[in-house]
Amino acid sequence: MASSTRQGLTSALRGVTRTLNGKRPPLPKQRLQTLRLSGGSRCLSTESITPAKAIDIQGLAERYRIAEHARAVPVSASYFSRTPIFNDRYLALDKLARSYTNLPVVPPADAEPVVWKNLSDLRRSIGEQVKATDYADCLAIVRRLHQIHPDLKPDIVKEALDDFKRDVQGFLNRPVPIPIDKFGRALGVGKRKSSTARAFVVEGDGQVLVNGKTLVDYFGRVHDRESAVWALHATDRLDKYNVWARVEGGGTTGQAEALTLAIAKALIAHEPALKPALRKAGCVTRDPRRVERKKHGRVKARKGPTWVKR
Amino acid sequence: MSAPSCLRCLVRPSAGVTVSSLPRSSPLAVARAAPFSTTTANLRPKKEVQTGGAPKGHVRSGKMLQLGKFKKGKAGDRGRTPAPGERKAYRKRITLSNDNAIPVPWLTDLGPADLANPANTARIMALPTEVQDQLRASEAFKPTQCWGMFRKPAVLVRKETIDMANRMQNAADKRHTLRLVVSGDKLTGKSLMVLQAMAHAHLNNWVVIHIPEVQELTTACTEYAPIPNTDPVQYMQPVYVLKLLQAIRRANEGVLSKILTVSAHPELSQSMPPNTPLLALAGAAKEPDAAWPVFQALWSELTAQGANRPPILLSADGLAHMMKVSDYRSPAFDLIHSHDLALVRLFADALGGGLRLPSGGAVIAATTRSNAPRTPSMELALAQREAEANKGLGGPSSSGAVEVPQRDPFFRGYDDRVEAVLRSVQVLRVRGVDKLEARALMEYWAASGMLRATVDEKAVTEKWALSGGGVPGEMERAALLTARI
């Protein structure tokens, strides 16, 4: 009987239980300390432990009574929607956007680049089936808030936006700048297919040594020679730098094109302003293509076996 | 009502098809001639059918699947097949002028002193017509060189050329013999150096004897016979010597006609009284059998003591073939050393200094990189000579660190005879051209219309770098031989 009333009271007072339990129950460690070991004796006695006073439920109920007939009410009105958490955030963002609408903004291009969660990311992180249109509307607000001038952006806005940022921010990855050592060399590394090239680029008059040989001795094809020094050629720097390179793996074409990338990277270390020109010449991005694997039932990756009548 | 003619086959009611070939069931169709037909093959009048002969070929010819295995003989006339040797002749032909190339106005002909004049460094100069003929007679031009791209043959005067021509001139003035080996990397212009030496010699009225490919002498592709009364046995190569005699005769016609013999040569079948022009002596051999004695007689006349003879240039291309054991076999089936072949021995003796040229001259041999047997002794000897020369110079590039390479004690492939020959030769290493010379070359190409690009600092540097530091052959490949218009 008493237990049933206690339960009913607790549920009725759910709104105020937090204030009631302001004083936390003692931690197990503290509880252990209360079990004092009697000096010298090896046995533990329970006499020192005094039981807690019984909670006067009835009195408490009298003191903190809220209403005659209390019932459980959800904290948020979104409780009854299909996506309560998202709804709450959306409303909070909307409120923020309205309250800070007068703050100065920067153009979108000048705002700090951020990768926002896409729809599936957001669904996964919240665990709710967010609608695509709702997501789009929400993200428009997010973007608008993100445009607020960084010096004036309130902390509350920053915290609210953090929920919408993707966990991995690619824009934060900064390549380590290639140093130029005391001899004036910059070391660039490039890869293509299964070849790896390391090129030391130093100011000079256009000499190239690949694995200790001249360009002519190392690459028999004129095309390979051209692609090896393409980064220098495309930027008119062929007579300004010398290259000493080490190439490993792969065939001649792969080695030549690995050299392109290596020399381009080292050249960017010398002259960072050349990067757009080199990108236009196709010397900046690594070509990710590799040999396609062979499949069973096929002669090569895709080639079918010869047709036989029987 | 159905159409009078079969709609699926527009051919049937055509005029070309004879009545007999038509089915009887459509008499109307004969009168109606279709204005056109999509198939022409069936429109051909079939005469055999009219004459009543059996139709040729299969009834369903052209509609049957033909697999490769059962194909009939190749259809169509492929024209005349080339005669034996025609393809090779086409491959080996030498074209020295191109009428479509633009003549270069500032091109001047080489004079006798031009190749030795340092003022001509990095200039392109044309070979005079008579020198062209002489060089062609002694096969100095090669099919792999780009002579056929330009209006007339011209050469770049390089620093090495000036150096070599001056050495030749000094040797001739002092009646010494210049013994020089031209070596260098692939396509650096070693054969062209020999050609320039020959041009210089021809312009200065030397006698030039040139062996265009030494491998023809030592790879057992020409006849050989032991020379009687020689110990150890030497071998002559009569067919090759006859060819060489004819080449000498044609190349040195002007010089040889002015030189007269000093002694009678009783060993020759023809009588050669003294004071006969050497040209007649050189022409005395009509048969391969007589070639070697005639060549010996000619050589003895050219090197006669006391007589006023012009300087001689002995030149050869492909030295490595001369410095190995040849592919010929003795009667005992032993391999014959190249230096036991009489003609090779003569050249080797001259190169080694054993044979003196009384009126001076030069012995110049070029190595090859593309077609050369491995000759460790020659490589070692040339490296040694070069190192010694660098040591003597003591230049900044060779400050103290120059080590003269020594024999590998654990390798037994060395050849003492080769090292004896190369003990005291001079070595001229040919490298890539510098940028000034590269620019001269490219300007000449552009002026001839063969290089369609502006020749400026940038273009020159690009080709220079792409060709591994100005290797001229590679510059040609990068600039002239790649079809990029």
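Residues numbered from 1 in each chain as written. Chains lettered and ligands numbered in written order. Predicted model: local features only at pLDDT ≥ 70, side-chain atom pairs only at ≥ 80, totals over all residues.

Named according to an unreviewed UniProt entry, chain B is Small ribosomal subunit protein mS29 originating from Parathielavia hyrcaniae. For chain B, the Subcellular location (unreviewed entry) comment in UniProt is given as "Mitochondrion". In its Sequence similarities (unreviewed entry) section, the UniProt record describing chain B reads: "Belongs to the mitochondrion-specific ribosomal protein mS29 family." (UniProt positions renumbered as here; feature names shortened; annotations may be inferred.)

Chain A has the name Small ribosomal subunit protein uS9m in an unreviewed UniProt entry, where Parathielavia hyrcaniae is given as its organism. According to the UniProt record, the Sequence similarities (unreviewed entry) comment for chain A is "Belongs to the universal ribosomal protein uS9 family."

**Digging into the overall build of chain B**
Of regular secondary structure, chain B possesses 17 helices and twelve strands. Counting contacts in chain B only where the partners sit at least 6 residues apart, residues at least 24 apart contribute 70% of the total. (Helix = DSSP H or I, 4+ residues; strand = E, 2+ residues; numbered from the N terminus. Contact = placed C-beta atoms within 7 Å.)

**Examining the pairing of strand β11 (residues 361-366) of chain B**
Residues and elements named next belong to chain B. Taken across its six residues, β11 has six buried, putting it largely inside the fold. Burial along β11 is two-sided: the residues Gly361, Val363 and Ala365 and Ala362, Ile364 and Ala366 are all buried. By the bridge criterion, six bridges tie strand β4 (residues 177-184) to β11 in an arrangement that is parallel. Paired with Leu178 across the two strands is Ala362, which belongs to β11. (Buried ≥ 20, exposed ≤ 12 C-beta atoms within 10 Å, placed from the backbone. Pairing = 2+ DSSP bridges.)

**Some details on the packing of helix α7 (residues 238-251) of chain B against helix α10 (residues 288-302) of chain B**
All names here are of chain B. Two numbers describe how α7 lies on α10: the axes approach to 8 Å, and their chain directions differ by 65 degrees. The two elements α7 and α10 cross, and the hand of that crossing is left-handed. Here α7 contributes Pro238, Val239, Val241, Leu242 and Leu245 to the contact with α10, which in turn contributes Pro288, Asp289, Ala291, Trp292, Val294 and Phe295. Its residues assigned to classes, the contact of α7 with α10 comprises ten nonpolar, no polar and one charged. (Axes fitted to C-alpha atoms, helices over the stretch in contact; angles between N-to-C directions. Left-handed = near helix turned anticlockwise from the far one by under 90°. Nonpolar A, V, L, I, M, F, W, Y, C, P; charged D, E, K, R; others polar.)

**Comments concerning the pairing of strand β5 (residues 207-211) of chain B**
Residue and element names in this part refer to chain B. The element β5 is largely enclosed, with a buried count of five among its five residues. With burial as the criterion, each face of β5 is covered, one bearing Val207, Ile209 and Ile211 and the other bearing Val208 and His210. Bridge count for β5 against strand β8 (residues 312-317) is five bridges, and the pairing is parallel. Counted as the bridge partner of His210 is Ser315 from β8.

**Focus: the nonpolar core**
Within soluble globular proteins, side chains that are nonpolar tend to cluster in buried spots. All names here are of chain A. One finds Leu259 and Ile263 to be the most contacted residues of the largest nonpolar core, which totals 152 residues. At ten residues, helix α12 (residues 252-270) tops the list of elements feeding residues into this core. If we ignore the near neighbours within four places in the chain, the residues touching Leu259 are Gly190, Ala197, Ala199, Val210, Ala228, Ala245 and Val247. Phe86, Val130, Val142 and Phe164 belong to the second-largest nonpolar core, a separate cluster that totals twelve residues. (Core = buried A, V, L, I, M, F, W, Y, C linked by C-beta atoms within 7 Å.)

**Quick notes on unusual backbone geometry**
Residues and elements named next belong to chain B. Between Asp231 and the following residue, Pro232, the backbone shows a cis peptide bond with an omega angle of -5 degrees. By the secondary structure assignment, Pro232 is in the loop between β6 (225-226) and β7 (235-236). Despite not being glycine, Glu139 shows a phi value in the positive range, around 60 degrees. You can see Glu139 is positioned in the loop between α3 (129-137) and β3 (154-157). Its 16 C-beta neighbours within 10 Å are what place Glu139 among the partly exposed residues. Even without a glycine there, the phi angle at Ala220 is positive, about 60 degrees.

**A word on the interface of chain B and chain A**
Contacts between the two partners involve 14 residues from chain B and, on the opposite side, 15 residues from chain A. Every element with two or more residues in the side of chain B that touches chain A is listed here: α16 (457-466) and α17 (472-479) of chain B. It is α16(B) that provides the largest number of residues to the side of chain B that touches chain A, a total of six residues. Residues of the side of chain B that touches chain A, tallied by class, amount to five nonpolar, five polar and four charged.

**Looking at the packing of helix α5 (residues 84-99) of chain A against helix α7 (residues 132-146) of chain A**
Residue and element names in this part refer to chain A. The N-to-C vectors of α5 and α7 enclose an angle of 35 degrees; their axes lie 10 Å apart at closest approach. For the crossing formed where α5 meets α7, the hand is left-handed. From α5, Tyr90, Leu93, Asp94, Leu96 and Ala97 reach across to α7, where they touch Asp134, Cys138, Ile141, Val142, Arg144 and Leu145. Taken together, the residues that form the contact of α5 with α7 break down as eight nonpolar, no polar and three charged.

**Some details on the sheet that holds strand β1 (residues 108-109) of chain B**
Neighbouring strands of a sheet are bound in pairs by backbone hydrogen bonds; such pairs are parallel or else antiparallel. All names here are of chain B. Here three strands make up an open sheet; going across it, the order is β1-β2-β3 and the pairing mixed. The outermost strands of the open sheet, each flanked by one partner alone, are β1 and β3. Where strand β2 (residues 123-126) and β3 come together, four bridges link them in antiparallel fashion. Looking at β3, one finds that Ala126 is bridged to Ala154. Against the sheet, helix α15 (residues 435-447) makes contact with β2 and β3, and its axis sits at roughly 160 degrees relative to β3, the strand it touches most.

**What to know about the environment of Gly360(B)**
Considering the arrangement of structural elements, one finds Gly360(B) in the loop between α12 (342-352) and β11. Sequence separation between Gly360(B) and Ile312(B) is 48 residues, and the spatial gap between their C-alpha atoms is 6.8 Å.

**Considerations on the environment of Asp173(B)**
Looking at the secondary structure, you find Asp173(B) in helix α4 (residues 159-173). Considered as a pair, Asp173(B) and Ser359(B) are 186 residues apart in the sequence and their alpha carbons are 9.1 Å apart.

**Re the sheet that holds strand β5 (residues 241-248) of chain A**
Residue and element names in this part refer to chain A. Read across the open sheet, the five strands follow the order β1-β2-β5-β3-β4; overall the sheet is mixed. Each having just a single partner strand, β1 (186-192) and β4 (213-214) make up the two edges of the open sheet. Pairing of strand β3 (residues 208-210) with β5 involves three bridges; the strand directions are parallel. Residue pairing across strands places Val208 opposite Val243, the latter belonging to β5. With respect to the sheet, α12 is in contact with β1, β2 (195-203), β3 and β5, its orientation differing from that of β1 by roughly 145 degrees.

**Quick word on α7(B)**
An ideal rise of 1.5 Å per residue puts 20 Å on 14 residues; α7(B) measures up with 20 Å between its terminal C-alpha atoms. Taken together, the buried positions of α7(B) are Pro238(B), Tyr240(B), Val241(B), Leu242(B), Leu244(B), Leu245(B), Ala247(B), Ile248(B), Arg249(B) and Ala251(B). (Expected span 1.5 Å × (residues − 1).)

**So, the confidence of the model for chain B**
Residue and element names in this part refer to chain B. Of the residues in chain B, 83% reach a pLDDT of 70 or more, and the chain-wide mean stands at 87. The low-confidence segment residues 8-35, where pLDDT is below 50, has 42 contacts with residues more than four positions distant or belonging to other chains. Scored below 50 in pLDDT, residues 48-52 shows nine contacts in the model against residues more than four places distant or in partner chains. Interface confidence for the predicted complex, given as ipTM, is 0.73, next to a pTM of 0.73. (pLDDT = per-residue confidence, 0-100.)

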